[in-house]
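Examining the three-dimensional arrangement
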Amino acid sequence: MSIMIYGQDALISQIDATTLDTFPRSVIFEGLPGSGKKLLTNYVATHLALPVIDITESLTQETIEEITESVSPSIYLIEGDKLTIREQNVILKFLEEPLKNAYIVITVTQAAFLLPTVQNRCQIYTLAPYSKEILKKFCEDTFLIDIAVTPGQLILLQNEGNTVIQDMKLLAEKIFNKISIASFPNTLSIVNKLAFKSEKDKFNIDIFCNILRYVVHNLVIADNRAFLFDAYTLTSDLCKHMAIPNVNKQYLFENFLYHLREVMRQSV
Amino acid sequence: MTLQELKLAIETNNIPSQLFIFEYSDNNFLAVSYMQEISRQFNRSIRYLESETDLQAEIAALSDIFHSPSINEQLVYFTDSFSFTDSKLAEIKNLIIVTHKIDKQISAIFPDNIIIFPKLEQWQITDYLYQTLPGVQKSKLDSLLVTCNYDVFRVSSEAEKLKIFDQIVQDALFDLFVSSGAFSDRSQYDIFNFTDALIHKNICLLKTIYEQKNSIDIEAIGLVTILYKNFRNIINVQLSNNPTPEGTGLTSKQIYAIQKYNCGYFSVAQLLKIFEFLTTIDLRIKTGELPVDMLIDYLIVKIFCI
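The residue count restarts for each chain, going from 1 along the sequence in the order it is written. As they are written, the chains are lettered A onward and the ligands numbered 1 onward, keeping that order. For a predicted model such as this one, the threshold for reporting local features is a pLDDT of at least 70, and the threshold for listing and counting side-chain atom pairs is 80 or more; totals across whole chains, interfaces and linings nevertheless cover every residue. Note: side-chain values were computed over all heavy atoms of the structure, leaving out hydrogens and water.

**Structural notes on the overall build of chain B**
Under the convention used in this document: Segments assigned H or I by DSSP are reported as helices when at least four residues long, segments assigned E as strands when at least two residues long, and all are numbered from the N terminus. Note on exposure labels: buried denotes an accessible area under 20% of the residue type's maximum, exposed denotes more than 50%, and partly exposed covers the range between, all computed with a 1.4 Å probe on protein chains only. Only heavy atoms matter for contacts: two residues are in contact if any of them lie within 4.5 Å across the pair. Areas reported here follow the Shrake-Rupley algorithm with a probe of radius 1.4 Å; residue values treat only the protein chains shown as occluding.
From N to C terminus, chain B includes 15 helices and five strands. Expressed as a percentage of the 306 residues in chain B, the buried residues total 42%. A separation of at least 24 residues holds for 67% of the contacts in chain B among residues at least 6 apart in sequence. Taken as a whole, chain B presents about 16800 Å² of accessible surface, with 52% of it coming from carbon and sulfur.

As structure tokens, this is what we get:
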């Protein structure tokens, strides 16, 4: 069964040119959440006719010994964003000495957040950003395409439902319009509507940050006063920092609210 | 069998080989000590059973003609509440149950197997320490008991450090241990005293606690979390005209306590700056900008300078 991957033509050409002997033994696939890192891993597996085994949750010396003694080749997938420093150190030797029957694929949002010693031992492939034309192949809703930056995010947005997305948009607009006159305790109460872990009946924080960026982007286009540019920069930084592994998203968001309030008060 | 009878049996090396059910009241220290001594006298290695399923398995093994009960093992089962009613359990002679509560019907099924351990009184713990460390002056042991708050587990743990030494040297070594901080947690303060001192801008108390910080369990990231929650609550209460449980997420009692004890030490501007500072720390640590080993000192200086 062939796997279709849109928007990564250069990377696919590189993979297609490899064989079992020439594909790197240790690889990092770097890309935003929903950009298709796992799909690409499956593509490699199909191309090389190998199974994929996810070892993210079982990174121990025993697992590594089993892999070393394995008689048939496999691709071992590790979700790099979930790795602790200790686990990264466990896999170092594993990455350094190519094993006869193992291809290691580490998927991360940003390779820079891995230890330099891990980065140095892997071939890094960066997934290309997705254009709006490519995203249209996944969804025709132009509003959702304006918010999402990857196919995975588009699918997440579609799953949320139109009503929820519209509610998030209304809240985002309210924040930018009213934060300058709201009291700080009132401002902090916004976080009660957001899911920072997996809380139900609350807005997904990652999707909400994308919607915030969409709303402030439109504000800047409509009105190019300096404080709106500052608000856009704050929001972009928020979206970027949210991707850092294991970061406390609530702290990040509340810090963003503090600075946004200061910036928007310049308009009053 | 009573506890006194069992004690005599242990002292005379005449323990009957039978099922024991030890019922303790406040803690299982004595019960565990007796269990260990019984295992030692029978020269058995201890094997812990995990659940009542294991007990059933041991009973089933009794009638298994291919099974040779291991007389070299002391089977031990810990449980909060014991309600296992199969009387065949009494045939397992190398089993000790240690439990906090026994179901009423158990007393009728196992009348001769239950030993009740009473609550340990302070004088008993004191006697225990005096006997364990006979070479140390009693006044010094009394101070150790106060530091350990008469917690028998802590007392036992601290006594272990000295009892391996000869009586003649115990007293001098005790002084050496005290001066070098070997007796853990001799401080009366904890992390909450530390955060209270910061919130109340109490520099004198903070200085005292800081000097003892190596004896207090203060974990830097945990300190940030506690300070963040405290300052967030203060902001929600102090900066609201009329703080309510619905608006703040706090109970009425918590709001009252914060208003009474925590509000007013920092101005509005200072509170906001401290909050902004605390919410950046996690990001700065995760990106490697801020080293964790300097975090406590950095927090103190920064909060007092705002």
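**Some remarks on the packing of helix 5 (residues 122-132) of chain B against helix 7 (residues 152-163) of chain B**
When two helices pack together, their arrangement is given by the angle between the helix axes and by the axis-to-axis distance. Residue and element names in this part refer to chain B. As a reminder of what qualifies: Only the contacting stretch of a helix is used when fitting its axis, a line to C-alpha atoms as for every element, and angles between N-to-C directions run 0 to 180 degrees. An angle below 35 degrees is read as roughly parallel, one above 145 as roughly antiparallel, one from 65 to 115 as roughly perpendicular, and any other as oblique. Each residue gets one of three labels, nonpolar for Ala, Val, Leu, Ile, Met, Phe, Trp, Tyr, Cys and Pro, charged for Asp, Glu, Lys and Arg, and polar for the others, Gly among them.
Where helix 5 contacts helix 7, the axes come no closer than 10 Å and their chain directions differ by 10°. Considered as vectors, helix 5 and helix 7 are oriented roughly parallel to each other. The segment helix 5 lies against helix 7, with Ile125, Tyr128, Leu129 and Thr132 engaging Val152, Val155, Ser156, Ala159 and Lys163. Looking at the contact of helix 5 with helix 7 residue by residue, the class counts come to six nonpolar, two polar and one charged.

**With respect to the pattern of salt bridges**
Pairs can form between side chains of opposite charge whenever their charged atoms are close. Formally: A side-chain nitrogen of Lys or Arg and a carboxyl oxygen of Asp or Glu constitute a salt bridge if their distance falls within 4 Å.
By the definition in use, this model includes 22 salt bridges over all chains. Residue A:Lys38 pairs with A:Glu79 through a salt bridge whose shortest N-O separation is 3.1 Å. Placement of A:Lys38 in helix 2 (residues 37-48) and of A:Glu79 in strand 3 (residues 74-79) is noted, with a sequence separation of 41 residues between them. According to the relative accessible area criterion, A:Lys38 is partly exposed, its value standing at 42%. Residue B:Glu158 is joined to B:Arg154 by a salt bridge in which the shortest nitrogen-to-oxygen separation is 3.8 Å. In this pair, B:Glu158 and B:Arg154 both sit in helix 7, four residues apart, roughly one turn of the helix. Linked through salt bridges whose partners overlap, the residues forming this network are A:Lys38, A:Glu57, A:Glu79 and A:Lys82.

**What about the environment of B:Leu295?**
Residue and element names in this part refer to chain B. With respect to the helices, strands and loops of the structure, Leu295 is situated in helix 15 (residues 295-305). Residues Leu295 and Ile281, spaced 14 residues apart in sequence, show a C-alpha to C-alpha distance of 9.0 Å. Excluding its chain neighbours within four sequence positions, the residues that come into contact with Leu295 are Ala220, Ile221, Val224, Ile281, Ile285 and Leu290.

**So, the interface of chain B and chain A**
The cut-off we apply is this: We define buried area as the total accessible area lost by two parts upon association, computed with a 1.4 Å probe and summed across both. Pairing of N or O atoms within 3.5 Å defines a polar contact, subject to two protein rules: one partner must be a possible hydrogen donor and the other a possible acceptor, and residues neighboring in sequence count only if both atoms are side-chain atoms.
On the chain A side, the residues contacting the 18 residues of chain B number 18 residues. Roughly 1600 Å² is buried in total at the junction of chain B and chain A, and carbon and sulfur atoms are behind 64% of that figure. Here B:Arg232 makes a salt bridge to A:Glu254, at a shortest N to O gap of 2.6 Å. Joining chain B to chain A, the criterion identifies eight residue pairs in polar contact (both at pLDDT 80 or more). Those elements giving two or more residues to the side of chain B that touches chain A turn out to be helix 11 (220-238) and helix 14 (268-286) of chain B. Considered class by class, the residues forming the side of chain B that touches chain A number seven nonpolar, six polar and five charged.

**Examining the sheet that holds strand 1 (residues 20-23) of chain B**
Residue and element names in this part refer to chain B. Where we set the bar: Here, strands pair whenever DSSP counts at least two bridges between them.
A sheet is described by the order of its strands in space; here five strands give the open sequence 2-3-4-1-5, paired in parallel fashion. Only two strands of the sheet have a single partner each, and these edge strands are strand 2 (45-49) and strand 5 (114-116). The sheet shows a mean angle of 25° between the axes of neighbouring strands, direction not considered. Pairing of strand 2 with strand 3 (residues 73-82), which is carried by five bridges, proceeds in the parallel orientation. Opposite Leu49, over in strand 3, you have Tyr77 as the bridge partner.

**Some remarks on empty space enclosed by the protein**
Residues and elements named next belong to chain B. This is how it is decided: A pocket, in this scheme, is an open set of points on a 1 Å grid over the protein atoms alone with protein on both sides within 12 Å along at least 5 of 7 lines, while a cavity is a set where a 1.4 Å probe fits but cannot get out; residues line either one if an atom lies within 4 Å of a point. Grid points are joined across faces, edges and corners, and a volume is the space filled by probe spheres set on the points.
Summed over the entire model, instances satisfying the criterion amount to one cavity of 30 Å³ or more. Computed from the structure, the largest cavity encloses a volume of approximately 30 Å³. Forming the boundary of the largest cavity are Asp26, Asn27, Phe29, Leu30, Phe117, Pro118, Lys119 and Leu120. Of the residues in the lining of the largest cavity, the class split is five nonpolar, one polar and two charged.

**Observations regarding a negative patch on the surface**
As a reminder, the rule being used: Only residues above 30% relative accessible area that lack a salt bridge enter a patch, with like-charged residues linked at up to 9 Å and the nonpolar side chains Val, Leu, Ile, Met, Phe, Trp and Tyr linked at up to 5 Å. Two residue types count as positive, namely Lys and Arg, and two as negative, namely Asp and Glu; His and chain ends fall outside the count. In plain terms, the charge of a residue is placed at NZ if it is Lys, CZ if Arg, CG if Asp and CD if Glu.
Taken together, A:Glu62, A:Glu65, A:Glu66 and A:Glu69 make up a surface patch of like negative charges. Relative to the helices and strands, A:Glu62 resides in helix 3 (residues 61-68).

**A look at the sheet that holds strand 4 (residues 102-108) of chain A**
What links the strands of a sheet is backbone hydrogen bonding, and the strands pair in either a parallel or an antiparallel sense. Residue and element names in this part refer to chain A. Read from one edge of the open sheet, five strands run 2-3-4-1-5, paired in parallel fashion. Each of the sheet's edge strands pairs with one partner strand only, and the pair in question is strand 2 (52-54) and strand 5 (123-126). The mean angle between the axes of side-by-side strands here comes to 25°, regardless of whether they run parallel or antiparallel. The pairing of strand 1 (residues 26-30) with strand 5 spans four bridges and is classified as parallel. Across the sheet, residue Ile28 finds its bridge partner in strand 5, namely Ile124. Sitting on the sheet, helix 4 (residues 85-96) is in contact with strand 1, strand 3 and strand 4, with an inclination near 135° to strand 4.

**Looking at the packing of aromatic side chains**
Short version of the rule: Whether two aromatic rings pair depends on their centres lying within 6.5 Å, for rings of Phe, Tyr and Trp, where Trp uses its six-membered ring; planes under 30 degrees apart make the pair stacked, over 60 edge-to-face, and the rest tilted.
All told, the structure shown has 20 aromatic pairs over all chains when counted by the stated rule. Where B:Phe29 meets B:Phe153, the ring centres are 5.5 Å apart and the plane angle is 90°; that geometry is what we call edge-to-face. In this pair, B:Phe29 sits in helix 2 (residues 29-42) while B:Phe153 sits in helix 7, placing the two residues 124 residues apart along the sequence. Since its relative accessible area comes to 40%, B:Phe153 is described here as partly exposed. On the numbers, 5.5 Å between centres and 65° between planes, the contact of B:Phe231 with B:Phe266 is edge-to-face. Placement of the pair is B:Phe231 in helix 11 and B:Phe266 in the loop between helix 13 (252-261) and helix 14, with a sequence separation of 35 residues. Under the relative-accessibility criterion, B:Phe231 is labelled buried at 0%. Feature note: the residues A:Phe184, A:Tyr251, A:Tyr258, B:Tyr228 and B:Phe275 constitute an aromatic cluster, connected by ring pairs.

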